[in-house]
Amino acid sequence: MALLSDLLVPFAMAIGIPLLIVGAPEAGRPVLVIAPPWSNAFRLLELIREADGRVLREAGMAGMAVAVSEHADFPQRLRAAGAWVVVNASSVSGCPTTREPFGNAP
C-alpha cells in the first residue's frame, strides 16, 4: 500500500499542478476531464454521463476526454462523480474550444 501512495503522489503532482495552472473551467465551455489512473474508458464515460455531460472527443491518453454540459456546475458535478482533474479545455494545447461533438462536421 505504501508503494502505491509513493507512486501516486508524484504522479498527481506532476500532472495536476501544471493542469491547475493552465486555467479554471468556465461554465458552459469544454473541459478536459482526467479520471483516476485505474479507471478504464467505460468508467470515464460513465462519470461524464453521471455529471450530465457529453464527450466531445478523446484527449489522446487513456483516462482523459474533452466534455461539455449545459450545466453551469458541470466541473463540480464531474468531481463529485469521481474525476480527478477538470480544467478549461481551451487552455490545453490540442483541445477543442467549440461545443460541437467530434466528427459532426457540417
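See the structure above.
Cut-off values and rules
Residues numbered from 1 in each chain as written. Predicted model: local features only at pLDDT ≥ 70, side-chain atom pairs only at ≥ 80, totals over all residues. Heavy atoms only, no water. 1 Å grid on protein atoms, 1.4 Å probe; cavity = no way out; pocket = protein on both sides within 12 Å on 5 of 7 lines; lining within 4 Å. Points joined across faces, edges and corners; volume = space filled by probe spheres on them. Helix = DSSP H or I, 4+ residues; strand = E, 2+ residues; numbered from the N terminus. Nonpolar A, V, L, I, M, F, W, Y, C, P; charged D, E, K, R; others polar. Salt bridge = Lys/Arg side-chain N within 4 Å of Asp/Glu carboxyl O. Buried < 20%, exposed > 50% of the residue type's maximum accessible area, 1.4 Å probe, protein only. Phe/Tyr/Trp six-rings, centres within 6.5 Å; stacked < 30°, edge-to-face > 60°. Core = buried A, V, L, I, M, F, W, Y, C linked by side-chain atoms within 4.5 Å. Contact = heavy atoms within 4.5 Å. Polar contact = N/O pair within 3.5 Å; in protein donor to acceptor, adjacent residues only side chain to side chain.

Engineer: How would you explain the layout of surface pockets if you had to name every residue and give the values?
Structural biologist: If you add up the space inside the second largest pocket, you get close to 160 Å³. The wall of the second largest pocket is formed by 13 residues, among which Ala41, Leu44, Glu58, Gly63 and Met64 lie closest to the centre. Sorting the residues of the lining of the second largest pocket by element identifies helix 2 (41-50), strand 2 (54-58) and strand 3 (64-68) as the ones contributing at least two each. No other element matches the 3 residues that helix 2 contributes to the lining of the second largest pocket. Residues that form the lining of the second largest pocket fall into these classes: 8 nonpolar, 4 polar and 1 charged.

Engineer: Which residues make up the pattern of salt bridges, and what values do they have?
Structural biologist: A complete count under the given rule lists 3 salt bridges for this structure. The partner of Arg43 in a salt bridge is Glu46, and the shortest N-O contact between them spans 2.9 Å. Of this pair, Arg43 and Glu46 both sit in helix 2, 3 residues apart, roughly one helical turn. The exposure class assigned to Arg43 is partly exposed, which follows from its relative accessible area of 23%. Note on Glu46: relative accessible area 23%, which makes it partly exposed. What you see here is one network of salt bridges that share partners, running through Arg43, Glu46 and Glu50.

Engineer: Residues and numbers for the packing of aromatic side chains, please.
Structural biologist: Inspection of the entire model under this criterion finds 1 aromatic pair. For the ring pair Trp38 and Trp84, a centre distance of 5.3 Å and an interplane angle of 85° mean the geometry is edge-to-face. Here the residue Trp38 occupies a position in the loop between strand 1 (31-34) and helix 2, and Trp84 occupies one in the loop between helix 3 (74-81) and strand 4 (85-88), the gap between them amounting to 46 residues. You can call Trp38 exposed: its relative accessible area is 60%. With relative accessibility at 35%, the residue Trp84 sits in the partly exposed group.

Engineer: Summarise the environment of Arg57; cite the residues concerned and give the values.
Structural biologist: Looking at the secondary structure, you find Arg57 in strand 2. Residue Arg57 is classed as partly exposed on the basis of its relative accessible area of 30%. Between the C-alpha atoms of Arg57 and Leu32, which are 25 residues apart in sequence, the distance is 9.7 Å.

Engineer: Residue-level account of the nonpolar core, with values.
Structural biologist: Counting 14 residues, the largest nonpolar core has Val33, Leu47, Ile48, Phe74 and Leu78 as the members making the most contacts within it. Of all the secondary-structure elements, those providing two or more residues to this core are strand 1, helix 2, strand 3 and helix 3. Setting aside its immediate chain neighbours within four residues, Leu78 contacts Val31, Val33, Leu47, Ile48, Ala51, Ala83 and Val86. Core analysis: the next-biggest nonpolar cluster, separate from the first, contains 9 residues, Leu32, Ile34, Leu56 and Val68 among them.

Engineer: Which residues make up the environment of Asp73, and what values do they have?
Structural biologist: Here Asp73 shows up in the loop between strand 3 and helix 3. Taking C-alpha positions, Asp73 is 9.1 Å from Ala51, a pair spaced 22 residues apart along the chain. A polar contact is formed between the side chain of Asp73 and the side chain of Arg77, at a distance of 2.9 Å.

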